[in-house]
Amino acid sequence: MSRDGKTFSTDQWVSKVLAAVLLGVVLVCGLMGVVGVLSHTDGSPRSASGQYLMWMAALVWSILLSVCFLFRSGRQAWGGLSVASAVAWGLFFVLRSVLA
């Protein structure tokens, strides 16, 4: 048990998985955009940087699907992943406007 008496549970596993699946796609696409802008990729799937971005997306999304159960509740999963997605997309738009 933790100090506050709450333990990790699988009570709200459906909500946690849905958050990881739906918001995970949004977060991974934002992260792909940030890495793509920083690496100056052209978006071609045949280039090495395009392949890196595609494989990075699969890896990050699968890690996210595994880690979603570490949230204490479904509401916390939705909140945390939505904030992370907003930060990733905000960073993408800022970097795109500055570096383009």
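Along each chain, the written sequence defines residue order, and numbers are assigned to residues from 1. Note on the predicted model: pLDDT of at least 70 is required for a residue's local features to be given, and 80 or more for side-chain atom pairs to be given and counted; whole-chain, interface and lining totals, by contrast, use all residues. Excluded from the side-chain calculation are hydrogens and water; included are all heavy atoms of the structure.

(A) Region of interest: the packing of helix H1 (residues 13-39) against helix H3 (residues 74-99). Packing of H1 against H3 brings their axes to within 8 Å, and their N-to-C directions diverge by 15°. With respect to H3, the element H1 is oriented roughly parallel. The handedness of the crossing between H1 and H3 is left-handed. Lys, Arg, Asp and Glu make up the charged group, whereas Ala, Val, Leu, Ile, Met, Phe, Trp, Tyr, Cys and Pro make up the nonpolar group; the residues left over, Gly among them, are polar. In terms of residue class, the contact of H1 with H3 is made up of 22 nonpolar, 6 polar and 2 charged. Every axis corresponds to a line fitted to the C-alpha atoms, with the helix fit spanning only the stretch in contact, and the corresponding angles, defined between N-to-C directions, vary from 0 to 180 degrees. For the purposes of this entry, the term helix denotes a DSSP run of H or I that reaches at least four residues, the term strand denotes a run of E that reaches at least two, and both are numbered from the N terminus. Should an angle lie under 35 degrees it is considered roughly parallel, over 145 roughly antiparallel, and from 65 to 115 roughly perpendicular; all remaining angles are considered oblique. Note: crossing handedness is left-handed where the near helix turns anticlockwise from the far helix by less than a right angle, and right-handed where it turns clockwise.

(B) How the structure looks around a nonpolar patch on the surface. Residues Trp 13, Val 14, Leu 18, Leu 22, Phe 69 and Trp 78 make up a contiguous nonpolar surface patch of about 570 Å² in total accessible area. Sort the elements by how many residues they give to the nonpolar patch and H1 lands first, with 4 residues. Among the secondary structure elements, Leu 18 is positioned in helix H1. Note on exposure labels: buried denotes an accessible area under 20% of the residue type's maximum, exposed denotes more than 50%, and partly exposed covers the range between, all computed with a 1.4 Å probe on protein chains only. In this structure Leu 18 comes out as partly exposed when scored by relative accessible area, which is 41%. Any residue with relative accessible area above 30% and no salt bridge may belong to a patch, with like charges joined within 9 Å and the nonpolar Val, Leu, Ile, Met, Phe, Trp and Tyr side chains within 5 Å. Accessible surface area values rest on a Shrake-Rupley calculation with a 1.4 Å probe, where residue burial reflects the displayed protein chains alone. Within this document, salt bridges are pairs made up of a side-chain nitrogen of Lys or Arg and a carboxyl oxygen of Asp or Glu, the two lying within 4 Å of each other.

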